[in-house]
Amino acid sequence: QVQLVESGGGLVQAGGALRLSCQASGRTFRTYAMDWFRQAPGKEREFVAGINWSGGDTSYADSVKGRFTISRDNAKKTVYLQMNSLKPEDTAVYYCAADQIYYGRTSHPDDMDYWGKGTLVTVSS
């Protein structure tokens, strides 16, 4: 079992930055691949970024590549999403998710084993 709690969301102006954190509980965190998804109002949940169990492999959606960075600290059982050069279209609820398989860019919400409750990111123009 893995419980996930996101934090770090908020209101930021376009061009600004935020760092999201996802704190996990459970002894097996280091065996899980971790992903960030987001869901904007009226839209489907979409993949943002993923990282394998060791942190040695990462993947990004085209829409955030070069602006967002995913990382993890297995000792702290935490995964991060550094978001730079934010745009109004980045506004969404951001969720972290865990799965024992690293899917990379093909990650889909249906594949994930565990989810956090999300944190809201609002980017004003």
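Residues numbered from 1 in each chain as written. Predicted model: local features only at pLDDT ≥ 70, side-chain atom pairs only at ≥ 80, totals over all residues. Heavy atoms only, no water.

Visitor: In this structure, what is going on with the overall build of the protein chain? I would like to understand it.
Guide: Secondary structure summary: the protein chain contains zero helices and eleven strands in total. Scanning the protein chain from its N terminus toward the C terminus, one meets helices and strands in the order β-β-β-β-β-β-β-β-β-β-β. By its C-alpha atoms, the protein chain is 40 × 25 × 25 Å across when sized along the principal axes. Relative to its 125 residues, the protein chain shows a buried fraction of 45%. By sequence separation, contacts in the protein chain at least 24 residues apart represent 59% of the contacts at least 6 residues apart. Taken as a whole, the protein chain presents about 6,400 Å² of accessible surface, with 47% of it coming from carbon and sulfur. Placing the 14 positive and 13 negative side-chain charges of the protein chain at their respective mean positions leaves the two points 7 Å apart. (Helix = DSSP H or I, 4+ residues; strand = E, 2+ residues; numbered from the N terminus. Buried < 20%, exposed > 50% of the residue type's maximum accessible area, 1.4 Å probe, protein only. Contact = heavy atoms within 4.5 Å. Areas by Shrake-Rupley, 256 points an atom, 1.4 Å probe, with all protein chains shown as cover. Lys, Arg positive; Asp, Glu negative; His and termini not counted. Charge placed at Lys NZ, Arg CZ, Asp CG, Glu CD.)

Visitor: Just to check I follow, could you spell out the state of the cysteines for this structure?
Guide: Taken as a whole and judged by the stated rule, the model has one disulfide. Between the sulfur atoms of C22 and its disulfide mate C96 the distance is 1.9 Å. The disulfide joining C22 to C96 has a torsion of about 50 degrees about its S-S bond and is therefore right-handed. With C22 in strand β3 (residues 18-25) and C96 in strand β9 (residues 92-99), the pair connects residues that are 74 residues apart, well separated along the chain. With respect to class, C22 is no different from C96; both count as buried. (Disulfide = S-S within 2.5 Å.)

Visitor: Can you help me understand the environment of D113 in this one?
Guide: Secondary-structure assignment places D113 in the loop between β9 and β10 (114-115). C-alpha separation for the pair D113 and Q1, spaced 112 residues apart in sequence, amounts to 9.3 Å. In this view, D113 contacts Y32, A98, D99 and Q100; residues no more than four positions away in its chain are not counted.

Visitor: Explain the layout of surface pockets here, please?
Guide: Taking a probe equal in size to a water molecule and rolling it over the atoms shows the remaining empty space. Taken as a whole, the largest pocket encloses approximately 170 Å³ of empty space. Together, 13 residues line the largest pocket, and R38, A40, K43, E46 and E89 are the ones closest to its centre. Tallied by class, the residues present in the lining of the largest pocket amount to two nonpolar, three polar and eight charged. (1 Å grid on protein atoms, 1.4 Å probe; cavity = no way out; pocket = protein on both sides within 12 Å on 5 of 7 lines; lining within 4 Å. Points joined across faces, edges and corners; volume = space filled by probe spheres on them. Nonpolar A, V, L, I, M, F, W, Y, C, P; charged D, E, K, R; others polar.)

Geometric values such as these leave the question of function open.
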